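A structural walkthrough
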Amino acid sequence: MSDPVVSADVMALAGELGAERSKPEWNTFSLAINDEQREIRDWAHTFAAEVIRPAAAEWDEREETPWPIIQEAAKVGIYGLDTNVNLFVDPSGLLMPLVHEELFWGDAGIAMSLKGTGLASSAIFSNGTPEQWSQWMGRCYGTPDDVRVAAFCSSEPGAGSDVSAIRTRAVFDERSNEWVINGQKAWATNGGIADIHVVVATVDPSLGTKGQAAFVVPKSEVRGLEQGTKLRKHGLRASHTADVFFDNVRIPAGNVLGGKEKLDARIARAHEARAAAGSASSAAAGRNASMATFEITRHIVGAQAVGIARAAYEVALDYAKTREQFGRPIVDNQGIAFKLADMAMEIDAARLLVWRAANMSAALMRGETPDYRHGEGSMAKLKAGEVAVHVTEQAIQILGGNGYTREYPVERMHRDAKIYTIFEGTSEIQRLVIARAISGMRIR
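As a starting point, this report considers the structure included with it. (Residues numbered from 1 in each chain as written. Predicted model: local features only at pLDDT ≥ 70, side-chain atom pairs only at ≥ 80, totals over all residues. Heavy atoms only, no water.)

Along its length, the protein carries 16 helices and eleven strands. The C-alpha radius of gyration computed for the protein amounts to 24 Å, which stays within 12% of the reference 22 Å derived for 444 residues, consistent with globular compactness. C-alpha extents for the protein along the principal axes are approximately 85 × 65 × 40 Å. The buried share of the protein, reckoned over its 444 residues, is 49%. Restricting to contacts in the protein with at least 6 residues of sequence separation, those with at least 24 account for 74%. (Helix = DSSP H or I, 4+ residues; strand = E, 2+ residues; numbered from the N terminus. Rg over C-alpha atoms; globule rule 2.2 N^0.38 Å. Buried < 20%, exposed > 50% of the residue type's maximum accessible area, 1.4 Å probe, protein only. Contact = heavy atoms within 4.5 Å.)

Written out as structure tokens, the structure reads:
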């Protein structure tokens, strides 16, 4: 039996702590979204349910950019720079992933055609100056009466995960005060159909990734930018993906993101650091234009994957409740019910990782760099991508033969999900980023 004096002391202590920690500054952790966030999320969900989802199968079959839906999204405010600013200016960081999850719940291919432009505008935001934000970010989206899309061009046939292998060159012509770009980009979302192309190119090959920079190339103002082969893809078929070729493309000196003076200073510092270290390897590492862009978008990509997974899970759950075999709904069998339980748990776990990274990303709104010291952005993208692939596969399994046909959407969702373990950093690269972050070692 406990000592009554001790018990009274403990109760008194608990009372004091309870009073102290009821103050507002202690109430900082919450998984509840506020009324405005809920309203915006529901607005995006309504558009996804009423406009995107009914058109999903058609545009997947056509394998074309759904311009009518992009135009409708621009008119109602789903698509545009103002929308992105509205979603970004959120101290919690949650609005952007909340809306992406809903749109990709509707259909990933169409949603990517709406949100693919965000990668280019994010590159301008993360690498550019305030003047360049004003000059270029609006042009990425156009207007409701004249919608545009934009493209971020980083990967190449020989440079996917290995960004140090980028061979596209940007050479400065002192006589004309212009950059001259030559090279080929691969797997570019909106590549060739966009006006604004943000292109990562090598300025000084001896410096590896520190010798790279990002350039704004407006197709309507240059010669020599040509779309190559439009890719026929396994999934995300409503989103345009193509190679882009640059043949002596000339752009003004001021089109390098961050400005030429800043680039020149950065390259000079890299050369000095290499000379001081006596090794080229010291200059090969570091944050570059591609990685700076991916760092601030990984949790958003994770939210997209969560949306796909949730959509497939809901289809499978509804099907399992209504499909009868052996005289009862198939959900009445543990073999099916336990699959659904695991699917629900994994989706929620992925979403929580996305929300954590999103909350950390809110530092950008304060002009700070998110402190992803343990690879939290990569954790979110990795987990969500792999959950999307697994959940969509399990959804097909639950639907059986029906799931394998195009009469049901889960086969399309499975095709759409697979890219989330590949693009914007493969699952293997995400694990490498996390391993380096937690170990502090240059793991290869």
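Having seen it, we continue.
Let's shift gears to the packing of aromatic side chains. Both the distance between ring centres and the angle between the ring planes are used here to describe each pair of aromatic rings. Considering all chains together, one arrives at seven aromatic pairs under this definition. Where Tyr79 meets Tyr141, the ring centres are 5.2 Å apart and the plane angle is 65°; that geometry is what we call edge-to-face. Remark: Tyr141 occurs in helix α8 (residues 130–141) and Tyr79 occurs in the loop between α3 (67–76) and α4 (81–88); sequence separation between them is 62 residues. One exposure class covers both Tyr79 and Tyr141, and it is buried. These aromatic residues form a ring-pair network of at least three members: Phe88, Phe125 and Trp133. Above the ring of Trp105, the side-chain terminus of Arg53 is found at 3.6 Å from the ring centroid. Directly above the ring of Trp59 sits Arg62, whose terminal nitrogen or CZ lies 4.0 Å from the centroid. (Phe/Tyr/Trp six-rings, centres within 6.5 Å; stacked < 30°, edge-to-face > 60°. Lys NZ or Arg CZ within 6 Å of the ring centre and 35° of its normal.)

This part is about the pairing of strand β7 (residues 212–218). Where burial is concerned, most of β7 is hidden: seven out of the seven residues are buried. Here β7 shows a buried face lined by Gln212, Ala214, Val216 and Pro218 and a second buried face lined by Ala213, Phe215 and Val217. Across seven bridges, the pairing between strand β6 (residues 196–202) and β7 is antiparallel. Bridge assignment links Thr202 to a residue of β7, and that residue is Gln212. (Pairing = 2+ DSSP bridges.)

Let us now look at the pairing of strand β9 (residues 241–252). Two elements, strand β5 (residues 178–189) and β9, share nine bridges in a ladder whose sense is antiparallel. Bridge pairing in β9 links Ile181 to Val249. As paired elements, strand β8 (residues 225–230) and β9 share four bridges and run antiparallel to each other. Paired with Glu226 across the bridge in β9 is Phe245.

Moving on, we come to the environment of Val354. With respect to the element layout, Val354 can be found in helix α13 (residues 334–361). Accessibility expressed as a relative area gives 1% for Val354, which makes it buried.

Membership of the largest hydrophobic core comes to 117 residues, with the highest contact counts inside it found for Leu103, Trp179, Val198, Phe215, Val217 and Ile398. By residue number, the principal contributor to this core is helix α12 (residues 298–322), which donates 14 residues. With sequence-adjacent residues up to four places away left out, Val217 is seen in contact with Ile181, Asp195, Ile196, His197, Val199, Val222, Leu225, Phe246, Val249 and Ile251. (Core = buried A, V, L, I, M, F, W, Y, C linked by side-chain atoms within 4.5 Å.)

On to empty space enclosed by the protein. According to the stated counting rule, one finds two cavities of 30 Å³ or more in the structure shown. Within this model, the largest cavity holds a volume of roughly 60 Å³. For the largest cavity, the full set of lining residues is Phe104, Trp105, Gly106, Asp107, Ala108, Ile308, Ala311, Arg412, Met413 and Asp416. Those elements that place two or more of their residues in the lining of the largest cavity are α5 (95–106), α12 and α15 (410–417). Each residue belonging to the lining of the largest cavity can be placed in one class, and the counts come to six nonpolar, one polar and three charged. Lining the second largest cavity we find Glu63, Lys230, Leu231, Arg232, Lys233, Arg237, Ser239, His240 and Thr241. Partitioning the lining of the second largest cavity into residue classes produces one nonpolar, three polar and five charged. (1 Å grid on protein atoms, 1.4 Å probe; cavity = no way out; pocket = protein on both sides within 12 Å on 5 of 7 lines; lining within 4 Å. Points joined across faces, edges and corners; volume = space filled by probe spheres on them. Nonpolar A, V, L, I, M, F, W, Y, C, P; charged D, E, K, R; others polar.)

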